[in-house]
Amino acid sequence: MKCFLLLFMLYLCAGAATGQSVHWPARYFNAGNGLPQNTVYDMVQDDEGWLWISTDNGVCLYDGYQFRHAEQLKGGAALERGAAFFLKEGPVLWIFQKNNIAKYDLRQKNISVYTAPSTGFTLMYPVFSDSSRILYRSGHIYAFDKKTGLTKPATEKEPAFRKIWTIDYPKLKTNDYYALHHDDSLGGLYLARLDTSSLRINDIRTLPDGIRDFCKLGRAFLFIDTKGVIYLAEDQDAPLRRVANSDILADRYHSLVSVQLDDHTYVIGIGTDVFHVQTGNGFSIRRVTQTDGSSLVQKGKLLCLLKDRTGNVWIGTNAEGLVQIPTPGNSFMLYRSAQPEKNFIRTIHTDAFTGDIWAGLYFDNVVVFDRYGMQKKELTERMGRMLGKHGVINYIHQLSRYELLVFADLQKTFYVNLEKGTARLCEVVRNGISDTAYFRMIKSLSFVTPLGNNRFWQLFDMALHRISYRNNKIYIDFVVDLPLGASALYAENNNSFWIGVTGKAIQVDSTGQTRDSLLTERGLKVTAITRDKAGQLWIGTNYGLFVFNKGKLVQTFTRKNNLPDNCFYALAADSTGHVWGSTNRGLIQFDIYTMRFAGFSEKDGLQGSEFNTGAMYNAADGRIFFGGISGLNAFYPSMSDTTQRQLKVYFTGMMAGDSVLFSPFDILPGKIKLPAGTNSLSVSFSVFNFFTPGANEYEYRLGNEKEWLSATGRNDLQLVLTPGEYNLQVRIKGRPDSMTSVLIYLQPPFYRSWLFVIACAVLVVFIAGLIIYLYTRAQYRKKIAALALREKVQQEKERISRELHDDLGVKANLLSYNASLLIDHAGTTDKSIGMRIKDAADDMLLALRDTMWTLKQEQISTTEVWLRFKNFISKMQRSYQQISFTVENESITETLLAYNDALNLIRILQETTNNAIRHSNTTVIHFSASSESGYTTFTVRDEGRGFAETATGLGDGLANMRYRAGQSGFLLEVQSEKSTGTTITVRV
């Protein structure tokens, strides 16, 4: 027993050793998962959030998801393919390489490259920077003019500056510009400081021989000597005191690098070792290892350290690539036993005096961890033997520094004395008598909550007990009977509490009286209850989460609105305005004001996906603990307060096929134009949240669509677009304030572009114009040909007319004249013959004149035809005075007729008149001409004896008239009856 107590006391004192380890989860990046090469010289984070990393294979950028080699990016070809060192000054990033200095403007996204003087094979790195110049080292000290880009060696006026003896470059980039200075003339080693005005070294203090390197921790200085002993000076004038021996180092012959976490906390690297250092009230140094206790740097040595904006520490090595470790206060701390069966956590408590974490298991016992995650041991083996293999630890309560109450299943409560290392079962007193057997009649214990002064509420599945502890005895004060299935307990500040049962939560006061009840959905098992800082009551069930405000249901969360899981095991409200819930799929954080939520999973450092019922604890220092089946996690709520994080989404790349449209070296344009034929677009984005990049769930939409489409588990999109303009919007799911957008215009194919439409319209107009032109030209040529033909015909007609006049006319006149002589000198018989000859000659002359009249004209109007016919009527009147020739109507409209049509018309009218004179035996002949509806009608009517068309001597004349009418398109009508006369109408 004494041996056991001795071991237990050694365990209690172990936390003071400097060699105690801190366990932090780590992620590794190397050439196998995207890093260009495994040697990392330097790192810096720019204003957007990109992590710039220098390797032997060039500079690359990291966005939380993938590494992008700078040479492959648009504009990145200006950088050398080799190692580099960075100096960030506001919006400018200086990149120092072997042969040049590059100036990258983070706002304008452009690179200017300046060639450095010959430097041999030594890399350049910055030493000092002011408003106009940068001093950099590459075998010698050089001055670089920021405005002109000219470089020159340091002048002879600055000889002391050349004497700086540096082990490694990071010290030269500190704002205070301290360095180790070995002054040969004085024969000693000094801590020196650069005077940035004179560029001279001022010795501050002497140092003991053997000091190899140092780093600055606020006002303090940490030194290491060649033997690996570590010394601390509280300020530049304070004496050195030993704080760690060389036995904490795996390799003592390396320099120091450091990064500051907060005012008094640092991470330093020495060779392959990483340490967590705290200054201020005392000094502590602890090795940082992985959660399984193994070294963070497995091979090679540590070259550089960086803390990013989300609290991660990045370790650059010379052989293992990058190591990412989320630091305390910025990560989920993992507490896990090396024995898997010791990781099934049911309840959690922290030691108010030592900070140790007690984890009550589902099986038998309590496992103890120090605050840095190192398992100490089980609380006592004897308690485990007394519980048996199926005892569940439900609650742990600290009575004093060395005294505990452990509430276990099977209604057993243990008193544990940590100082003595003993545990004994408490006696149960009910109604003034010992009644341990009473608990055997009821089912298992679910929850315990303290009331103060060593009083507690105990919740069973059918009853609620108020108990008190005194002198190793549990007193049952009173019992409240409950409906079957009580499964959750939450204590209010006013001594009332809520009990979860099937389908509802019941509020009970300190006397056991029911005050209120809130209904969830019927049949749901209430598993967890909490109240947030705004006064809302959150009720978790096995099928969703319900939020009540002043007794009214205001919000429901289930997988229907994208909740990762429906089954809640525990709820905890924090001071930052959030409620946390443990589920079968990790932890979920809810914003109590916006009702947005974010999920965290195993890849964010959780013990696993599945947690346990009621395994939650709010520690006094603000930490929240959740227990699961593979250990427990602790975190500060501000660590993952998403309202404090960088939540702006940035586009990190756009590609159309093999063409890069946008890269980190580009300013995002207002509109991205895609050429016609591009039907797919690849878009990547990030919020540069290196703490939990996998926990960011994105959603997107195109244009003014109402619905957001989920991009869960991805940080890129593969879009297939049709021609048109789109407004691509991307945001973190449920967070409008994180949204970013860009206009995308996919040009239509050439045959759908406005230019093509206009060209087609112009072509159609041209073709139509050409057709019209060709047609018009053909018609014109036809008209010209027709005019030429008509001219030729007219000339021929005029020739024929002249021939007729000069030949037939003269002969007809001569015949008529001779006939007249014959009549005047011949007898009666010859006179009759002469008369007939003369009449024939006159008719021949008349016909000849009409023919000549028509031949002389191209077109003849109906008015002219009517006038000529009236002349003909006048002649007939003189020759046949026994017949009355009457013109009754002359209202005609002038219509042009071709010469042959005019000749046909006048011949028809003359033939009609001659027939009436010769054959009708009439005394009156009526003539009329009228126009109506575009037609002109000519009528010849006699009052003679009429005729039949088949009569001898008339049929041929009528046939000739009809032939002439048909030839010219006239309408000829003949109406004749015996004894009534004949009417002949010609319609033109």
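In case you missed it, the structure is sitting above this.
Note that the structure is a prediction, hence the values are computed from the model and not measured.

Each value, and the rule that gives it
- Residues numbered from 1 in each chain as written.
- Predicted model: local features only at pLDDT ≥ 70, side-chain atom pairs only at ≥ 80, totals over all residues.
- Heavy atoms only, no water.
- Helix = DSSP H or I, 4+ residues; strand = E, 2+ residues; numbered from the N terminus.
- Buried < 20%, exposed > 50% of the residue type's maximum accessible area, 1.4 Å probe, protein only.
- Contact = heavy atoms within 4.5 Å.
- Areas by Shrake-Rupley, 256 points an atom, 1.4 Å probe, with all protein chains shown as cover.
- Core = buried A, V, L, I, M, F, W, Y, C linked by side-chain atoms within 4.5 Å.
- Pairing = 2+ DSSP bridges.
- Axes fitted to C-alpha atoms, helices over the stretch in contact; angles between N-to-C directions.
- Expected span 1.5 Å × (residues − 1).
- Arc of directions from axis to C-beta.
- Salt bridge = Lys/Arg side-chain N within 4 Å of Asp/Glu carboxyl O.
- Parallel < 35°, antiparallel > 145°, perpendicular 65-115°, else oblique.
- Left-handed = near helix turned anticlockwise from the far one by under 90°.
- Nonpolar A, V, L, I, M, F, W, Y, C, P; charged D, E, K, R; others polar.
- Patch = residues over 30% accessible without salt bridge, like charges linked within 9 Å, V, L, I, M, F, W, Y side chains within 5 Å.
- Phe/Tyr/Trp six-rings, centres within 6.5 Å; stacked < 30°, edge-to-face > 60°.
- Lys NZ or Arg CZ within 6 Å of the ring centre and 35° of its normal.

**Remarks on the overall build of the protein chain**
- Secondary structure assignment for the protein chain yields seven helices and 75 strands.
- Residues classed as buried in the protein chain amount to 51% of the 988 residues present.
- Restricting the contact set of the protein chain to residue pairs at least 6 apart, pairs at least 24 apart contribute 52%.
- By element, 50% of the accessible surface of the protein chain is carried by carbon and sulfur atoms, the whole surface being about 46200 Å².

**Side note on the nonpolar core**
- Ranked by internal contacts, the top residues of the largest apolar core, which has 34 residues, are Phe-869, Phe-885, Leu-905, Ile-925 and Phe-927.
- The greatest single-element share of this core, amounting to eight residues, is contributed by helix α6 (residues 899-919).
- Beyond its immediate chain neighbours, meaning those up to four positions away, Ile-925 contacts Ile-883, Ser-884, Phe-885, Thr-886, Thr-913, Ala-916, Ile-917, Val-940, Arg-941 and Asp-942.

**Some words on the sheet that holds strand β27 (residues 302-307)**
- Pairing within the open sheet is antiparallel, and its four strands lie in the order β2-β29-β28-β27. Each edge of the open sheet carries a strand with a single partner, namely β2 (27-29) and β27. The average angle at which neighbouring strand axes cross in this sheet is 20°, direction not considered.

**Let's talk about the sheet that holds strand β49 (residues 526-531)**
- Read from one edge to the other, the open sheet built from four strands follows the order β49-β50-β51-β52, with strand pairing classed as antiparallel. At either margin of the open sheet sits one strand with a lone partner, and together these are β49 and β52 (552-557). When strand polarity is set aside, the average angle formed by the axes of neighbouring strands in this sheet is 20°.
- Sheet topology places strand β50 (residues 537-541) next to strand β51 (residues 544-549); five bridges connect them, and they run antiparallel. For Leu-537, the partnering residue across the bridge sits in β51 and is Phe-548.

**Observations concerning helix α5 (residues 862-879)**
- Taking 1.5 Å of rise per residue, the 18 residues of α5 would be expected to cover 26 Å, and the 26 Å separating its terminal C-alpha atoms lies within 8% of that figure.
- Buried within α5 we find Thr-862, Val-865, Trp-866, Phe-869, Phe-872, Ile-873 and Met-876. Mapping the buried residues of α5 onto a view down its axis gives an arc of 115°, with all of them on the same face.

**Quick word on the pattern of salt bridges**
- The tally for this structure, following the rule as stated, stands at 14 salt bridges.
- Between Asp-47 and Lys-88 there is a salt bridge, and its shortest N-O distance comes to 2.8 Å. Residue Asp-47 is located in the loop between β3 (40-45) and β4 (51-55), and its partner Lys-88 is located in strand β7 (residues 85-89); the two are separated by 41 residues in the primary sequence.
- Its relative accessible area of 44% is what places Asp-47 among the partly exposed residues.
- A relative accessible area of 28% places Lys-88 in the partly exposed class.
- Across the pair Asp-273 and Arg-287 runs a salt bridge whose closest N-O atoms are separated by 2.5 Å. Here Asp-273, found in strand β25 (residues 273-278), pairs with Arg-287, found in strand β26 (residues 284-289); they are 14 residues apart in sequence, far enough to count as distant.
- Taking the relative accessible area as the measure of exposure, Arg-287 reaches 22% and is therefore partly exposed.

**Re α6**
- In a regular helix each residue adds 1.5 Å, so 21 residues correspond to 30 Å; α6 covers 30 Å between its end C-alpha atoms and thus fits that length.
- With 16 of 21 residues buried, α6 lies mostly within the body of the structure.
- Downstream of α6 by one or two residues, Asn-921 has phi in the positive range, about 55°.

**Some details on the packing of α5 against α6**
- Taken N-terminus to C-terminus, the directions of α5 and α6 make an angle of 25°; their axes are 10 Å apart at the nearest point. When the axis of α5 is compared with that of α6, the two are roughly parallel. Considering how the two elements wind past one another, α5 and α6 form a crossing that is right-handed. Taking contact as the criterion, the partners of Val-865, Arg-868, Phe-869, Phe-872 and Met-876 in α5 are, on α6, Ala-902, Leu-905, Ile-906, Leu-909, Gln-910, Thr-913, Asn-914 and Ile-917.
- Along the lines of polarity and charge, the residues of the contact of α5 with α6 split into nine nonpolar, three polar and one charged.

**A look at unusual backbone geometry**
- Its identity as a non-glycine residue notwithstanding, Lys-109 has a phi of 60°, on the positive side.
- Here Lys-109 is to be found in the loop between β9 (100-105) and β10 (110-115).
- Here Asn-562, not a glycine, exhibits a phi torsion of approximately 70°, which is positive.
- Along the chain, Asn-562 falls in the loop between β52 and β53 (568-573).

**Quick look at a nonpolar patch on the surface**
- A cluster of nonpolar side chains, contributed by Leu-763, Phe-766, Ile-767, Leu-770, Ile-771, Tyr-773 and Leu-774, occupies part of the molecular surface with about 680 Å² of accessible area.
- In this structure, Leu-763 sits in helix α3 (residues 754-825).

**Side note on the pairing of strand β11 (residues 125-129)**
- Counting buried residues in β11 gives five out of five residues, a clear majority hidden from the surface.
- Of the strand pairs in this sheet, β11 and strand β12 (residues 133-137) are connected by four bridges, and their pairing is antiparallel. Note that in β12 the partner of Ser-129 across the bridge is Ile-134.
- Counting the residues that bridge the hairpin from β11 to β12 gives three residues.

**Side note on the packing of aromatic side chains**
- Enumeration according to the criterion identifies 46 aromatic pairs in this entry.
- Measuring from centroid to centroid gives 4.4 Å for Trp-580 and Phe-635, while their planes differ by 50°, and the two rings are tilted. Of this pair, Trp-580 sits in strand β54 (residues 578-583) while Phe-635 is found in strand β59 (residues 631-635), placing the two residues 55 residues apart along the sequence. With respect to class, Trp-580 is no different from Phe-635; both count as buried.
- A network of ring pairs unites the aromatic residues Phe-332, Trp-580, Phe-600, Phe-611, Phe-626 and Phe-635 as a single cluster.
- In this structure, Arg-470 packs its charged tip against the face of Tyr-475, placed 4.0 Å from the ring centre.
- Above the face of the Trp-708 ring, Arg-731 is positioned so that its terminal group lies 3.9 Å from the ring centre.

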